[in-house]
Structure formats: structure tokens, C-alpha cells
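# Breakdown of the fold
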Amino acid sequence: MPTLESLLQQSAERHRNHLCPRQVLGARMGLYAGELLDVEFPQRDKRVFCFVETDGCLTDGIAVATGCWWGSRSMRLVDYGKTAATFIDTHTQRAFRITPTLTARKRAYAYAPDAPDKWHAQLQAYQVMPTFELLCAQQIKLTLDLQKIISQHGLRVVCEQCDEDIINERFVERNGTRLCLACADGAYYEMDAIPITLPRLSAVVLAE
Ligand SMILES: [Zn+2]
Ligand SMILES: [Zn+2]
């Protein structure tokens, strides 16, 4: 199992070579999840699935500690803006939601008395604070269908309105028509009337 130190180094590398308290929390949460679920982390398969409740720094720490990541379809953002994550063992269906304890932040100076400010106190303290003081875990039951989220990887359907491909079963059926979510429920973008292509520019880039 990799040490916390090596995990934090990996996390900082993917974080503009900079370590911050939330990455440490993420790595500690991931290590704790591995203990609770009794699985070997960082995973090389997709056994454990993770819901993170915020984007940003925390996810880098979680990713290096667990191996859960968007790229392997084993992580998903539920953006509550909270420093929290749930880890589900897809073999046993056991799931734990892990958050920092309510006192973790206040206790930081006790573990880093010489820190010049709060930020540095947290950065140092979160690396050495005992898990029971730093993190709180609760066993939970999912209220959604994880199999639906994981879905059939690679299944491809064409939207009958915009003709774009939809993968991973993300289409919906309305009145017997298969639609992408953008066509069915409205998208986060609006299109200009004329599509833009830059054939000459892309030719130059490709040639290099
Ligand atoms: Zn950060
Ligand atoms: Zn569509």
C-alpha cells in the first residue's frame, strides 16, 4: 500500500505542483474508505465507485488514494459544495459516506502548533491527526440505482432529433423517440445558426 506521503506527492503533481489541505483530506478519506470496505487501494479495477460532493482539490486526493476517477467511470460528481464523499463496494453493495468531523478544523492547531496560519495548520495537521478525530463515516444506503449510473459502457444510440451519438445509455425515450438529454430537457448551451469549421487551421495542426 502506498504511504500517505507518496499519495500526497502524486496528488500535488496533478494539482499544479501544489499541496493544499483539501487534497490531504481527500487522500485520508480515500485511505479510510479502503479500510472500511476492506479493499485494496488504489484499485486497478472498477470495484469501488465514488460519489464526490464537490469538485476541485478534494477529488485529486481521493483519486490518487482510491483509483476512483471519471476516466475509468468509477467517480461521479454530485455537486452539493460539500467536503464529503461516498464509497460503494459494487461487489457487496456496502457503502460509506465520509466527511471531516465538525471539530477537525478547530483541532488543527493542536497538531501543528508552530504553523504560521490556519491554512498551514490544516495542511500539516490533516496529515497526522488520528482518523477518529479527522473523519467521520456513516454506512448509507443509496437512494438511486447505481447500475443505471454505471450503465452499459459503450452502448451507442443516435439522438433522433440532433443526430449526435449518445453513449453509456444516457438517452431518454419520449413518445417512442430516443433523444439525448439536451434535446429532451434543454441544454446548458445555445447554438449559433451556422456551424464553424476551420479546415485549413486543423490541417496545419495535424501536420505538425
Ligand atoms: Zn487545492
Ligand atoms: Zn439530441
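Since the structure is predicted, the reported quantities are computational estimates derived from the model, not experimental observations.

Here is what the cut-offs are and how they apply
- Residues numbered from 1 in each chain as written.
- Chains lettered and ligands numbered in written order.
- Predicted model: local features only at pLDDT ≥ 70, side-chain atom pairs only at ≥ 80, totals over all residues.
- Heavy atoms only, no water.
- Domains from an automatic or database assignment.
- Contact = heavy atoms within 4.5 Å.
- Buried area = accessible area lost by both parts, 1.4 Å probe.
- Salt bridge = Lys/Arg side-chain N within 4 Å of Asp/Glu carboxyl O.
- Donors = N, O, S within 2.8 Å, 3.2 Å for Na, K, Ca; no water.
- Helix = DSSP H or I, 4+ residues; strand = E, 2+ residues; numbered from the N terminus.
- Axes fitted to C-alpha atoms, helices over the stretch in contact; angles between N-to-C directions.
- Parallel < 35°, antiparallel > 145°, perpendicular 65-115°, else oblique.
- Core = buried A, V, L, I, M, F, W, Y, C linked by side-chain atoms within 4.5 Å.
- Buried < 20%, exposed > 50% of the residue type's maximum accessible area, 1.4 Å probe, protein only.
- Arc of directions from axis to C-beta.

## Concerning the domain arrangement of the protein
- Partitioning the protein into structural domains gives domain 1 (4-148) and domain 2 (151-187).
- Centre-to-centre separation of domain 1 and domain 2, based on C-alpha positions: 33 Å.
- Each partner contributes residues to the interface: domain 1 has four residues there, and domain 2 has four residues.
- Between domain 1 and domain 2, the buried area comes to about 390 Å², and carbon and sulfur atoms account for 21% of it.
- At the junction of domain 1 with domain 2, the criterion picks out zero salt bridges.

## Concerning the coordination of the zinc ion (ligand 1)
- Every protein donor of the zinc ion (ligand 1) is listed here as His 15 (NE2), Cys 20 (SG) and Cys 57 (SG), and their distances to the metal cover 2.3 Å.
- As a motif over one chain, the donors of the zinc ion (ligand 1) read H-x4-C-x36-C. Here Cys 57 lies in helix 3 (residues 57-66) and His 15 lies in the loop between helix 1 (4-13) and helix 2 (21-37), a separation of 42 residues in the sequence.

## A short note on the pattern of salt bridges
- Inspection of every chain in the model, using the stated rule, returns seven salt bridges.
- The shortest N-O distance in the salt bridge between Glu 53 and Arg 97 comes to 2.8 Å. Here the residue Glu 53 occupies a position in the loop between strand 1 (48-52) and helix 3, and Arg 97 occupies one in strand 4 (residues 95-100), the gap between them amounting to 44 residues.
- Note that Asp 165 and Arg 156 form a salt bridge whose closest N and O atoms lie 3.0 Å from each other.

## A word on the coordination of the zinc ion (ligand 2)
- On the protein side, the zinc ion (ligand 2) has Cys 159 (SG), Cys 162 (SG), Cys 180 (SG) and Cys 183 (SG) as donor atoms, found 2.3 Å from it.
- Read in sequence order, the donor residues coordinating the zinc ion (ligand 2) give the pattern C-x2-C-x17-C-x2-C. In this pair, Cys 162 sits in the loop between strand 6 (156-158) and strand 7 (165-167) while Cys 180 sits in the loop between strand 9 (177-179) and helix 8 (181-185), placing the two residues 18 residues apart along the sequence.

## Observations regarding the packing of helix 4 (residues 104-111) against helix 5 (residues 118-128)
- Between helix 4 and helix 5, the least distance of the axes is 8 Å, while the angle of their chain directions is 85°. Classified by the interaxial angle, the pair formed by helix 4 and helix 5 is roughly perpendicular. In this structure, helix 4 contributes Ala 104, Arg 105, Ala 108, Tyr 109 and Tyr 111 to the contact, and helix 5 contributes Lys 118, Ala 121, Gln 122, Ala 125, Tyr 126 and Val 128.

## As for the environment of Ala 84
- Among the structural elements, Ala 84 can be located in the loop between strand 2 (75-77) and strand 3 (85-89).
- For the pair Ala 84 and Ala 108, spaced 24 residues apart in sequence, the C-alpha to C-alpha distance is 18 Å.

## Describing the nonpolar core
- With 37 residues, the main nonpolar core has Cys 50, Ile 62 and Phe 87 as its most contacted residues.
- At the level of secondary structure, the elements contributing two or more residues to this core comprise helix 1, helix 2, strand 1, helix 3, strand 3, strand 4, helix 4 and helix 5.
- Formed by eight residues, the second largest nonpolar core is a distinct cluster that contains Cys 159, Phe 171, Leu 179 and Cys 180.

## Comments concerning helix 1
- Residues of helix 1 that are buried include every one of Leu 4, Leu 7, Leu 8, Ser 11 and Ala 12, and no others. Projected down its long axis, helix 1 shows its buried positions confined to an angular sector of 135°, all on one face. Seen from the buried face of helix 1, the exposed residues on the opposite side, beyond 90 degrees, are Glu 5, Gln 9 and Glu 13.
- Buried positions along helix 1 lie against helix 2, helix 3 and helix 5.

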